[in-house]
Amino acid sequence: QVQVVESGGGSVQAGGSLRLTCTASGRAGVRFVMAWFRQVSDKEREFVAAINIIGDMTDYADSVKGRFTISRDNGRSPVYLQMNSLKEEDTALYFCAARPLGFGTFRRPIEYEYWGQGTQVTVSS
């Protein structure tokens, strides 16, 4: 069974930075496409960023492009989400998702098989 664990959430003032970390483990020799999503209350889970298996292809939601950076070291776990210039509207529960194998990146939650429990990010003015 695969375990996905996020860490690094917290509270920060607008304009500040946070770095989230996600680790996927449990299936030896399997590599994962990884992504971050976020959710506010009962709204739909929103795509934030994704990175392919070897880490040379990334994709970002328009709302975070230029402020957030997703990265990994040569296909390995963990995956990081560096969040700069944070805004109040970035406040959400952030989830990490993993998909074994696959070419490229994916934006829809249904395309990811494993999920973490989420880490809260709160941005205040």
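First, a word on what this report is: a plain description of the structure on this page. Everything numeric here is computed off the predicted structure, so don't read it as measured data.

## Concerning the overall build of the chain
Piece 1. Scanning the chain from terminus to terminus reveals zero helices and eleven strands.
Piece 2. From first element to last, N terminus to C terminus, the chain shows the α and β order β-β-β-β-β-β-β-β-β-β-β.
Piece 3. Radius of gyration (C-alpha) of the chain: 14 Å, near the 14 Å computed for a compact globule of 125 residues.
Piece 4. Over its C-alpha atoms, taken along the principal directions, the chain stretches across nearly 45 × 25 × 20 Å.
Piece 5. For the chain, with 125 residues in total, the buried portion stands at 42%.
Piece 6. Excluding contacts between residues fewer than 6 apart, the proportion of contacts in the chain whose partners are at least 24 apart in sequence is 59%.
Piece 7. Here the chain has roughly 6,500 Å² of accessible surface; of this, 47% comes from carbon and sulfur atoms.
Piece 8. Put simply, the chain has 14 plus and 13 minus side-chain charges, and the middle of one group is 5 Å from the middle of the other.

## A short note on the nonpolar core
Piece 1. Of all hydrophobic cores here, the largest spans 38 residues; its most connected members are Met34, Trp36, Leu81, Met83 and Tyr94.
Piece 2. Of all elements in the fold, only strand S3 (18-25), strand S4 (32-39), strand S5 (46-51), strand S7 (68-72), strand S8 (79-83), strand S9 (92-100) and strand S11 (119-124) reach the threshold of two or more residues within this core.
Piece 3. Take this core: its biggest share by element is six residues, from S4.
Piece 4. Look past the residues within four positions of Met34 in its chain and what remains in contact with it is Cys22, Ala24, Ala49, Ala50, Ile51, Ile70, Arg72, Val79, Cys96, Ala97, Ala98 and Tyr112.

## Notes on the packing of aromatic side chains
Piece 1. A complete count under the given rule lists five aromatic pairs for this structure.
Piece 2. With 6.3 Å between their ring centres and 90 degrees between their planes, Phe32 and Tyr114 make a pair best called edge-to-face. Highlighted residues: Phe32 in strand S4 and Tyr114 in strand S10 (residues 114-115), separated in sequence by 82 residues.
Piece 3. Owing to a relative accessible area of 5%, Phe32 belongs among the buried residues under this scheme.
Piece 4. A relative accessible area of 12% means that Tyr114 is categorised as buried.
Piece 5. For the pair Phe106 and Tyr112, a centre-to-centre distance of 6.4 Å together with 85 degrees between the ring planes defines the contact as edge-to-face. Each member of the pair Phe106 and Tyr112 is classed as buried.

## Focus: the pairing of S11
Piece 1. Burial along S11 is one-sided: Thr119, Val121 and Val123 are buried, while Gln120, Thr122 and Ser124, pointing the other way, are not.
Piece 2. In the sheet, strand S2 (residues 10-13) pairs with S11 via four bridges, with the strands oriented parallel. Of the residues in S11, the one forming a bridge with Ser11 is Thr122.
Piece 3. Summarising the sheet, S9 and S11 pair through three bridges and their orientation is antiparallel.

## Concerning the environment of Arg19
Piece 1. Mapped onto the secondary structure, Arg19 falls in strand S3.
Piece 2. Owing to a relative accessible area of 47%, Arg19 belongs among the partly exposed residues under this scheme.
Piece 3. When the C-alpha positions of Arg19 and Gly9 are compared, they lie 7.5 Å apart, and in sequence the two are ten residues distant.
Piece 4. If we skip the residues at most four places from it in the chain, Arg19 touches Ser7, Gly8, Tyr80, Leu81 and Gln82.

Procedures and definitions
- Residues numbered from 1 in each chain as written.
- Predicted model: local features only at pLDDT ≥ 70, side-chain atom pairs only at ≥ 80, totals over all residues.
- Heavy atoms only, no water.
- Helix = DSSP H or I, 4+ residues; strand = E, 2+ residues; numbered from the N terminus.
- Rg over C-alpha atoms; globule rule 2.2 N^0.38 Å.
- Buried < 20%, exposed > 50% of the residue type's maximum accessible area, 1.4 Å probe, protein only.
- Contact = heavy atoms within 4.5 Å.
- Areas by Shrake-Rupley, 256 points an atom, 1.4 Å probe, with all protein chains shown as cover.
- Lys, Arg positive; Asp, Glu negative; His and termini not counted.
- Charge placed at Lys NZ, Arg CZ, Asp CG, Glu CD.
- Core = buried A, V, L, I, M, F, W, Y, C linked by side-chain atoms within 4.5 Å.
- Phe/Tyr/Trp six-rings, centres within 6.5 Å; stacked < 30°, edge-to-face > 60°.
- Pairing = 2+ DSSP bridges.

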